[in-house]
Each structure stands twice: as C-alpha cells, then as structure tokens.
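Chain by chain, the residues:
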Amino acid sequence: MPQTQQIQTVRNKTRSLLVLASVSAILSAACVAIPMFVIRPFRPQGARELEIALAVRHAGPWLAGVCVAVVLLAIFLLWKNARIGTRIGLICLFLLTFAGAVFTQVNIFEKMFHPYDSPSFEGADEAKVDPDDKVLAVTVGQQARAYPIRTMGYHHIVNDTVGGVPIAVTYCTLCHTGLVWSRVVEGRLLQFRLAGINNGNALLRDEQTSSIWQQSTGEAIFGPLKGQQLKLVRSDELTFALWKSEQPNGQVLKPDPLYAAEYDPKDWEKHVEKTPTVVNTTRSGIAPHQLMLGVTVAGQSKAYPIESILAAKLIQDRVGDQPLIVVLGRDGASIRVFEGTLENRHLTFAQGTGDKTLTDIDTGSVWNFQGCAVEGTLTGRCLAEIDAHKDYWFDWMNHHPESAVFKN
C-alpha cells in the first residue's frame, strides 16, 4: 500500500474515532440536559415530551456509561500517535462525557429539597409548632400523627408506618396539595423519593421499580407500574391547636435539624401565590392560585373555594347523588367534609354555637367537628367523612378537567 494511502487511512480512522467520541460526549451531556430542561418548575410539560424526558433520565446512567467507554477506547487507540491538539481535544471530550455520566446519577431535586430518610417524632405537648400552623393529620387504628406543613413543604415526602400501615405522606407547596398514599402496590412495599415536577405538581419515584407517580392523583405515569393507582389514606389538614385538642396523645414529626433553617416561612402561601403557573385557567374565569377544597365522590368532582367555606362556615350541597356537608372547625381554619345522610336518612344541619359545631334540625342532636353526635337522640352516631384536600385551582382543573365548581 502506497505511503500516501496509508496516511490517508490513518487520518480517516482518526477522524472517525474523533467523531464517535464527540457524538458520545454530546449524548452523555444530553442525558443530563434533556431531563433538566423538560422536568423543571415553571415550564409546561406535554405528556409526550415528559415521557421522553423520563425515558432519557431512566436510561441515562447506563447510556452515559457506554459513552465513557467509547471515549476511553478512542483515547487508547489514538493517544500514541495523536498530536498535542488532538490529545487536548480527547481530554476535553472525556471530561464532558465523564461529567455527564456522574450527573446522571444525581437527583437534583433531592439536592434542592433533601429527603427525610429517618423521620423522628415527639409528643404533642413537646412539639414546638405554632397553634395556628397547619398540619397534615393521619390516624390509623389507635395511632395518630401530625406532619407540620412547613416541614413537609421542604421535604415533600415522608415514608412512614402508622398503625401498622406503610404510608407516604406527601406535600406539594407549589399546588398547595397534601395527600397521603399507601406504599403497598400489588403486595409490594414501595419507598418513594422526589422525582421532579409536572405542570406545577410534584412527581414521585419509587426505589423498587423506578416508576414515576403523580402526587396529585397517585397514578403511575411512567415505568413498569404505569397505570397503577396508589390507594388514598384519609388525612386532614388542620391547625395544630385543633389537632392537638383531638389527639392529645398523638405524635408530631420533628424538624430535621440539618435542614430546619431551610423550611418554609410562616407566610409561605403569600410567596407561592406570586409564582408563575403553566396551566392556563383563563377560560374558566378563575384565578390559577384560587385555593380550593377538592372533593371526588363516585367519579364526580367538585371544587369549593376556600374563601366561600370560610365565609359560610357550613355548606350543604350535593356531588352527584351524594348529599354532603362542608364544615368549618371552631378554629375558623380547619375544614372537613361529611356525608349528609345517616343510614339512608337525609339530615339538615345548622351551625352550632361554642363547642357545638352542628345541630341537625330533624332530631335536634348536636354534632362535633369529628362528625359525631354528642347530644340528643343520635348521640354516639357518626357521619361518614369524605376525603377532601386543598388544591390551587390550576392543579385541580388540570387533573379534574370535568370538575364542577361550587357557587355561592
């Protein structure tokens, strides 16, 4: 083979390897850049692009690892005869590829909001929580726990077990939504982590299958468990003072001392209401940060403006075929929803006075905020509580597009 042809062959080989190394470096960087660009706050996410971004992030660690191997191979084959400029280029390509491989292993959201992997609790009397601060309250069997929202707003998720039931306590401050989900799916115990955000609502990832779950709905939207639905565990958003009066022996989530300084301030809602939203609510005529109490009964949903509940204190309404009552607690802040019937008998309620939350006009019985009759002929009977949770309108509308809205 003529010498000139040999030189040309070497040059072609060198050029091909450099192109391959360059493509590998770009691909490794893309494994980080694409998910970071798509799965981020204050940016709308379409279902298809979100799925692509999640797929890239899922495949990123091994794909970036292959890219590192390709660049190392190129260095091995070219280094001996490479010019100084080529060597510098190869080093730069390796550093870029290696950085991509490293960052695919990093959950940026958990760097911003550190997980609370070993939650600890203290008695209600010991907890340093302001009386008017809200807590997410859970009672399973004989065990009651309260999770201060200013703590939950930072950590987003606490994996816990209450009354022998494994639960994931979740809170998304951007959409003002606190929900508690069972951690058992098809007999498998899951451990959840913060995975990102989708149109203003938090995404969760389970460590066992790497499936991605929507916090507002409990539905798996990506991964091996896509389409599965987490089971809702009933919870209440109450003031700490009211919860403590109901559960004096309950336990309260303690702040994590490593990150307590980063917890949300007392007026966190005012700050969140100023953040941009990516769901267009213009056609509904309702502001995106209008705070609602969302209720779903037998597949039908309805949103109750919190300001309407605070003004009325008691709302008797119907969602589908289900009569219900929306009741404001004596603290003027906590809200619960109950069925408006007892053993198929429709009851009509009026506001009580003092500690007497309700009075039913039909029997004259007096009812407390836990939905139980404490005086009168129905003493000892309790109304069934209906799951309800707060949500900013943009998020509720996004996940419940057919929802009705209560009008005064």
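Here the structure is a predicted model, which means the values were calculated and not measured. (Residues numbered from 1 in each chain as written. Predicted model: local features only at pLDDT ≥ 70, side-chain atom pairs only at ≥ 80, totals over all residues. Heavy atoms only, no water.)

Student: An account of the packing of aromatic side chains is needed here, citing residue identities and associated values.
Tutor: Aromatic rings in a pair are described by how distant their centres are and how their planes are angled relative to each other. Across all of its chains, the model carries 11 aromatic pairs by this definition. Ring geometry for Y154 versus Y263: centroids 5.7 Å apart, planes at 45°, classification tilted. With Y154 in helix α5 (residues 149-155) and Y263 in the loop between β15 (251-253) and α7 (268-272), this residue pair connects regions lying 109 residues apart in the sequence. Of the residues examined, Y154 reaches a relative accessible area of 3% and is grouped as buried. (Phe/Tyr/Trp six-rings, centres within 6.5 Å; stacked < 30°, edge-to-face > 60°. Helix = DSSP H or I, 4+ residues; strand = E, 2+ residues; numbered from the N terminus. Buried < 20%, exposed > 50% of the residue type's maximum accessible area, 1.4 Å probe, protein only.)

Student: Report on a nonpolar patch on the surface, specifying residues and quantitative values.
Tutor: Nonpolar side chains collect at one region of the surface, where F98, V102, F103 and V106 lie side by side and expose about 350 Å² of accessible area between them. Inspection of the secondary structure puts F98 in helix α3 (residues 84-103). (Patch = residues over 30% accessible without salt bridge, like charges linked within 9 Å, V, L, I, M, F, W, Y side chains within 5 Å. Areas by Shrake-Rupley, 256 points an atom, 1.4 Å probe, with all protein chains shown as cover. Salt bridge = Lys/Arg side-chain N within 4 Å of Asp/Glu carboxyl O.)

Student: Go over the state of the cysteines, please, and point to the residues and values.
Tutor: If you walk through the whole model with that rule in mind, you get one disulfide. Here C372 pairs with C382 through a disulfide, and the sulfurs are 2.0 Å apart. Handedness of the C372-C382 disulfide follows from its S-S torsion of about 105°: it is right-handed. One end of the pair, C372, is in the loop between β25 (366-367) and β26 (373-375); the other, C382, is in the loop between β26 and β27 (388-392), with 10 residues separating them in the sequence. On the basis of relative accessibility, which here comes to 17%, the residue C372 falls in the buried class. Among the cysteines around C67, which has no disulfide bond, C31 carries the closest sulfur, lying 6.1 Å off. Residue class for C67 comes out buried when judged on its relative accessible area of 4%. C175 takes part in no disulfide bond, and the closest cysteine sulfur, belonging to C172, lies 3.1 Å away. The exposure class assigned to C175 is buried, which follows from its relative accessible area of 0%. (Disulfide = S-S within 2.5 Å.)

Student: So, the pattern of salt bridges: which residues are in play, and what are the values?
Tutor: Within the structure shown, the criterion is met by 21 salt bridges. The salt bridge partner of R48 is E51, with a shortest N-O separation of 3.5 Å. One end of the pair is R48 and the other is E51, both in helix α2 (residues 47-78) and three residues apart, which spans about a single turn. The exposure class assigned to E51 is partly exposed, which follows from its relative accessible area of 28%. Here the salt bridges do not stand alone but share partners, grouping D130, D132, D133, R150 and K266 into one network.

Student: Any chance you could break down the nonpolar core for me, citing the residues and the numbers?
Tutor: For soluble globular proteins, nonpolar side chains are generally found buried alongside one another. Formed by 71 residues in total, the largest nonpolar core has its most connected members in Y147, W213, Y304 and V326. The residues contacting Y304, other than those within four sequence positions of it, are L291, M292, L293, V295, I309, I315, D317, V319, L324, V326 and F406. Residues A146, L347, F349 and A373 belong to the second largest nonpolar core, which totals 24 residues. (Core = buried A, V, L, I, M, F, W, Y, C linked by side-chain atoms within 4.5 Å. Contact = heavy atoms within 4.5 Å.)

Student: An account of the sheet that holds strand β20 (residues 335-339) is needed here, citing residue identities and associated values.
Tutor: Ordered by their spatial adjacency, three strands build an open sheet running β18-β19-β20, and the pairing between neighbours is antiparallel. Each having just a single partner strand, β18 (314-319) and β20 make up the two edges of the open sheet. Neighbour-to-neighbour, the strand axes of the sheet open up by a mean angle of 25°, direction not taken into account. Bridge count for strand β19 (residues 322-328) against β20 is five bridges, and the pairing is antiparallel. Residue pairing across strands places L328 opposite I335, the latter belonging to β20. (Pairing = 2+ DSSP bridges. Axes fitted to C-alpha atoms, helices over the stretch in contact; angles between N-to-C directions.)

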